[in-house]
Structures are given as structure tokens and as C-alpha cells.
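Chain by chain, the residues run as shown.
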Amino acid sequence: MDFNTLCVHGCSDRYDITGAVSVPIFQTATFAHPGVGQSTGYDYSRVQNPTREHLEKTVAKLEQGKEALAFSSGMAAIAAMMELFSPGDHVICSDDLYGGSHRLFHHINAKNGISFTLVNTSFSEKVKAAIRPETKAILVETPTNPMMQVTDLRKIADLAHANGLLLAVDNTFLTPYLQKPLTLGADLVIHSGTKYLGGHNDALAGFLVANDPEICDRLRFIYKNTGGCLSPFDSWLLIRGIKTLPLRMDRQQENAQKIALWLTQQKKIAKVFYPGLPDHPDYELSRKQTSGFGSMISFEVDNHRTAEQILNRVELIQFAESLGGVESLVTYPMLQTHAEIPVKEREEKGINERLLRLSVGVENAEDLIADLTNALQTD
Ligand SMILES: *Cc1c(COP(=O)(O)O)cnc(C)c1O
């Protein structure tokens, strides 16, 4: 079935006898058994709930995976994934990571005896050099947050499998509409469903998707016993959001392409990081492995006063954390998402006082450009 149709109709299972077109919200914590030794297939909503099950099956199909698990947030999904590892294990991950993942790894997982090496996964030789006997997995974000570096997923998947490692890919920025990591060799896909999948800045959610039956079983066991499950109502919001995922992303990327180009022509903008610009170092690779460039743009302005002026003056675009929704948002990575990354590490990556990150929404592109023009104006 075509991706667009799948987004609208989801998995074909029907749980309802009334003909309801919208998947019902099964707002129940528990399910009664018809008798001893009998079950409807549902026992308790932490373990499974029909609304969440519909969402999980839909997301599994969209990512071309065997199974998906829906969590209460992206971080709950990543924290559960980390339970696959044991004290002494080593994980290699992108050095330009989502700030929350960075904090989870270094302040929580590290205390439990898991060690990490951060490398720029755009360079497979650097990943190869970081592999140790105790390495168990490689975790990649592509494009990265906020520097928009792209990793060659097939190349890293080959390297991972040649060394018996798992490859996990955080696909939040592009979603399966534009990139399907499992088809490129990844073993696990991670999502913050809060972002493009939900798409309306109104619900938190997270997903893990996998293909290998043994990994699926291990994750399902962790899931039901750690309890970070998505509620029935939020599952329904995600089902509703996904119906328009392709429409939203088409519009968002069309807007992003216009705004990225416009930014490159502004005097006070020093650099623009968007993989859809032909002079981006990963433009060709992106064209090969994704079917679009997404709608996240990072850009560096001339000095920190301009950065602050933009944040203070934008009106339509809101100064807020998060991304991927219909409303355009701008963030100051240095103070928000990446505030706890050591200064030296952060500056080396280019996350400095001049860097801003823009999540382009579905508004009219000219209105967004007018808002930015106004915010950049000198008095
Ligand atoms: C937001 C985000 C997360 C964390 O997800 P939450 O839903 O906020 O918990 C993880 N990875 C990436 C790339 C993100 O943007």
C-alpha cells in the first residue's frame, strides 16, 4: 500500500463493531476476563491497549519494521532501548546528539556502567576506530541536531554488522516519509513522536521500531516492565497526526527550501546549515538516501546581539523548544537544547552564541520571511 494511504488508514485492524471511522479511544486501565483461563487478548493497558496497538502497528508499517512500541516520550523510548545493554558495554554515538540523549547517556546510563564514545558518524573511519571488544551498538542521528550533518546509513550498517554491533537510528528529523533506516540496514529506529509524527505541538510521544524478532521480544519485555507506555488519548492524537504527515512535510520542506535560500542572501547571516542547499557537504548523499531534506534549518548570524534580537522580535515564529509541528519555532541551542553540553565540546561542534535553529511549519513562506525580515531589521 502507498505510504500516503497507509498514513490515512493505518493498519487494517478494526477493533470496533459500530463502524466508527475514527479509531476509538479505549480509555481503560484494565480489561475483564470472560472466565478463568479466558482472555479477550487484552489484560492491562500498560501491556497492551487497542488504541495504542493500532498506532504501533501503523508506525511499524510506515517504517517497514516488524514491530513498533509507543512510549510516553522520545526519551522514554531511548531510555528503554538502553536497557538492552549491561554494565561494561560500550556504545558509539553521534557527537552532535539531541541534548536529552546526551544527558541520559552521561548522567544516567554511565552511572550504570555503560560507556560511550562520541564521534562524528559522517566519517565511517572515525566510527571504525572507536570500536572496542566491548562495543555493542552504534547510535546515529541523521541529519544531526542542530548541525544538520548527514551519515551514510548503508556504510555504517555494513560496518556495524561486520563487527556484530546493533545500529540504532534516531529518525525524528525526517520520519519514514523521507527516510527509512530499516531498509538501509539499521536494526532499530527511534522517534520522538512529539515532533513530525504528532505534528501539532500538542502531545509527547516516542517510538522504537525493529525487525529482528528477538530484539522485538526483548524490547517488548522491557516495555511492559518499565512502564513508559503512551496513554490511549495521546495514542489517538498520534494516529490523527500521522494521517496528514505527508501533506505537512511536503509543505514544511517547500517552505524550508525557500527560507534556507533566502537566509543565504542576508547580510547578517554568516552560515546556513540545510542539507537541501546544493553547497551543503552532504547534499548528494542526502539525495541518495532520503526522499527529501526535511524542514530543519540551523543558521549562524554575525554576532550574539543579532541572535538575541531575532529571538526577541519574531512574532509569527515562536521562540520555543521542540520542532516538527505545524507552527514554526526558533530555538537557541546554546541556551536550550544543548545547555548542558560542556562549552568546549559545544563550541567545537559550532553550537555557539551565534547559532539559531529553525523548525519551519506549514504557514505561508512569505509571511515567515516577512517575520524574519522584521526581526533582522536594524533600528
Ligand atoms: C525531541 C527529540 C528527542 C526526545 O524526544 P521527547 O519526545 O522530547 O522526549 C530525541 N531525539 C531527537 C532527535 C529529538 O528531536
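Everything numeric in this text was worked out from a predicted model, so none of it was measured. Throughout, residues of each chain are indexed from 1 in the direction in which the sequence is written. At least 70 in pLDDT is required for a residue's local features to be given in this predicted model, at least 80 for side-chain atom pairs to be given and counted, and no such filter applies to totals for whole chains, interfaces and linings, which use all residues. Here the side-chain values reflect all heavy atoms present in the structure, with hydrogen atoms and water set aside.

1. Things to note about the packing of aromatic side chains
Then, number 1: For Phe, Tyr and Trp, where Trp contributes only its six-membered ring, two rings pair if their centres lie within 6.5 Å, and the inter-plane angle classes them as stacked under 30 degrees, edge-to-face over 60, or tilted in between. Evaluation of the coordinates by the stated rule reveals 7 aromatic pairs.
Then, number 2: For the ring pair F233 and W236, a centre distance of 6.1 Å and an interplane angle of 20 degrees mean the geometry is stacked. Residue F233 and its partner W236 are both found in helix α9 (residues 232-243); the two are separated by 3 residues, about one turn of the helix.
Then, number 3: Partly exposed describes any residue whose relative accessible area lies between the buried limit of under 20% and the exposed limit of over 50%, with all areas from a 1.4 Å probe on protein chains only and scaled to the type maximum. On the basis of relative accessible area, W236 is assigned to the buried category, the value being 17%.
Then, number 4: Where Y274 meets F293, the ring centres are 6.5 Å apart and the plane angle is 65 degrees; that geometry is what we call edge-to-face. Here Y274 is found in the loop between β8 (269-273) and α11 (283-289), whereas its partner F293 is found in the loop between α11 and β9 (296-301), with 19 residues between them in sequence.
Then, number 5: Under the relative-accessibility criterion, Y274 is labelled buried at 0%.
Then, number 6: We count a charge as sitting over a ring when the NZ of a lysine or the CZ of an arginine lies within 6 Å of the ring centre and within 35 degrees of the ring normal. Above the face of the F123 ring, K126 is positioned so that its terminal group lies 4.7 Å from the ring centre.
Then, number 7: Positioned above the aromatic ring of Y223, the side-chain terminus of R220 is 5.5 Å from the ring centre. A run of H or I in DSSP counts as a helix once it spans at least four residues, and a run of E counts as a strand once it spans at least two, with each numbered from the N terminus.

2. So, the sheet that holds strand β2 (residues 90-94)
Then, number 1: Any two strands with at least two DSSP-identified bridges between them are counted as paired. Strands sit in the order β1-β7-β6-β5-β4-β2-β3 across an open sheet of 7 strands; the sheet is mixed. Edge positions in the sheet fall to β1 (67-71) and β3 (115-119), since each has one partner strand and no second. Shown here is a sheet whose adjacent strand axes are inclined to one another by a mean of 20 degrees, direction ignored.
Then, number 2: Bridge count between β1 and strand β7 (residues 206-210): 5 bridges; the pairing is antiparallel. Directly across from L69, in β7, lies its bridge partner L208.
Then, number 3: With respect to the sheet, helix α2 (residues 50-62) is in contact with β1 and β7, its orientation differing from that of β1 by roughly 130 degrees. A fitted line through C-alpha atoms serves as each axis, taken over the contacting stretch for helices, and the angle formed by two N-to-C directions is quoted from 0 to 180°. The contact criterion used throughout is that any non-hydrogen atoms of two residues lie within 4.5 Å.

3. Notes on the site of the ligand
Then, number 1: Close to the ligand lie 13 residues, the nearest being M75, D170, S192, T194 and K195.
Then, number 2: We define a polar contact as two N or O atoms separated by no more than 3.5 Å, with the added condition that, inside protein, one atom must be a possible hydrogen donor and the other a possible acceptor, whereas residues neighbouring each other in sequence contribute only through side-chain atom pairs. At 2.8 Å from an oxygen atom of the ligand is found a main-chain nitrogen or oxygen belonging to M75.
Then, number 3: Per-residue and other accessible areas follow the Shrake-Rupley method at a 1.4 Å probe size, with only the shown protein chains counted as cover for residues. The protein chains hide 93% of the 380 Å² of surface that the ligand would expose on its own.
Then, number 4: Residues are said to line a cavity or pocket when one of their atoms sits within 4 Å of a point; the points come from a 1 Å grid over protein atoms alone, cavities being sets where a 1.4 Å probe fits but cannot get out and pockets being open sets with protein on both sides within 12 Å along at least five of seven lines. Criterion for pocket placement: a molecule counts as inside a cavity or pocket if more than half of its atoms are within 2 Å of its grid points. A majority-of-atoms criterion places the ligand in the largest pocket. A cutoff of 4 Å decides nearness: a residue is near a molecule or strand if any of its heavy atoms lies inside that distance of it.

4. Details of the packing of α9 against helix α10 (residues 245-264)
Then, number 1: Packing of α9 against α10 brings their axes to within 5 Å, and their N-to-C directions diverge by 55 degrees. Here α9 lies oblique to α10, going by the angle between them. Residues G241, I242 and K243 of α9 lie in contact with α10, whose contacting residues are L245, P246 and R248.
Then, number 2: Class assignment of the residues belonging to the contact of α9 with α10 gives a composition of 3 nonpolar, 1 polar and 2 charged. For classification purposes, angles smaller than 35 degrees are called roughly parallel, those larger than 145 roughly antiparallel, those between 65 and 115 roughly perpendicular, and all remaining angles oblique. Classification convention: Asp, Glu, Lys, Arg as charged; Ala, Val, Leu, Ile, Met, Phe, Trp, Tyr, Cys, Pro as nonpolar; all other residues, Gly among them, as polar.

5. Re the domain arrangement of the chain
Then, number 1: Residue ranges for the domains originate in an automatic or database domain assignment. What the domain assignment reports for the chain is domain 1 (3-88 + 134-140 + 152-243) and domain 2 (246-376).
Then, number 2: Distance from the C-alpha centre of domain 1 to the C-alpha centre of domain 2: 28 Å.
Then, number 3: The term buried area refers to how much accessible surface (probe radius 1.4 Å) is lost by two components on association, counted for both of them together. Approximately 1,900 Å² of surface area, both sides summed, lies buried where domain 1 meets domain 2, with 56% of it carried by carbon and sulfur atoms.
Then, number 4: Taken together, the elements giving at least two residues each to the side of domain 1 that touches domain 2 come down to α1 (3-9), α6 (153-162), α7 (175-178) and α9.
Then, number 5: Residue composition of the side of domain 1 that touches domain 2, grouped by class: 11 nonpolar, 9 polar and 4 charged.

6. As for the sheet that holds strand β12 (residues 355-359)
Then, number 1: Here we have 5 strands laid out as an open sheet, ordered β8-β9-β12-β11-β10, and mixed in their pairing. Two strands bound the open sheet, and with one partner strand each, they are β8 and β10 (318-319).
Then, number 2: In this sheet, β12 lies alongside β9 in antiparallel orientation, the contact comprising 5 bridges. Opposite E300, over in β12, you have L355 as the bridge partner.
Then, number 3: Docked against the sheet, α10 engages β8, β9 and β12, running at close to 10 degrees with respect to β9.
Then, number 4: In the packing of helix α12 (residues 304-313) onto the sheet, contacts are made with β9, β10, β11 (329-331) and β12, and the angle to β9 comes to roughly 135 degrees.

7. Some points on the nonpolar core
The nonpolar side chains of soluble globular proteins are, as a tendency, buried together.
Then, number 1: The nonpolar core is taken to be a set of buried Ala, Val, Leu, Ile, Met, Phe, Trp, Tyr and Cys residues, with the residues joined through side-chain atoms within 4.5 Å. In terms of nonpolar packing, the biggest core is built from 37 residues, with L55, V59, F207, L238, I242 and L245 touching the most fellow members.
Then, number 2: Among the secondary structure elements, those contributing two or more residues to this core are α1, α2, β1, α7, β7, α9 and α10.
Then, number 3: Sorting elements by how many residues they give to this core places α9 first, with 5 residues.
Then, number 4: Each of domain 1 (3-88 + 134-140 + 152-243) and domain 2 (246-376) gives at least three residues to this core.
Then, number 5: V59 has contacts with A68, F207, V209 and I242, leaving out every residue within four places of it along the chain.

8. Quick notes on the side chain of T337
Then, number 1: Within the secondary structure, T337 sits in the loop between β11 and α13 (343-349).
Then, number 2: Among the polar contacts listed, one links the side chain of T337 to the side chain of H338, at a separation of 2.7 Å.
Then, number 3: If we ignore the near neighbours within four places in the chain, the residues touching T337 are G99, R103, E321 and R357.

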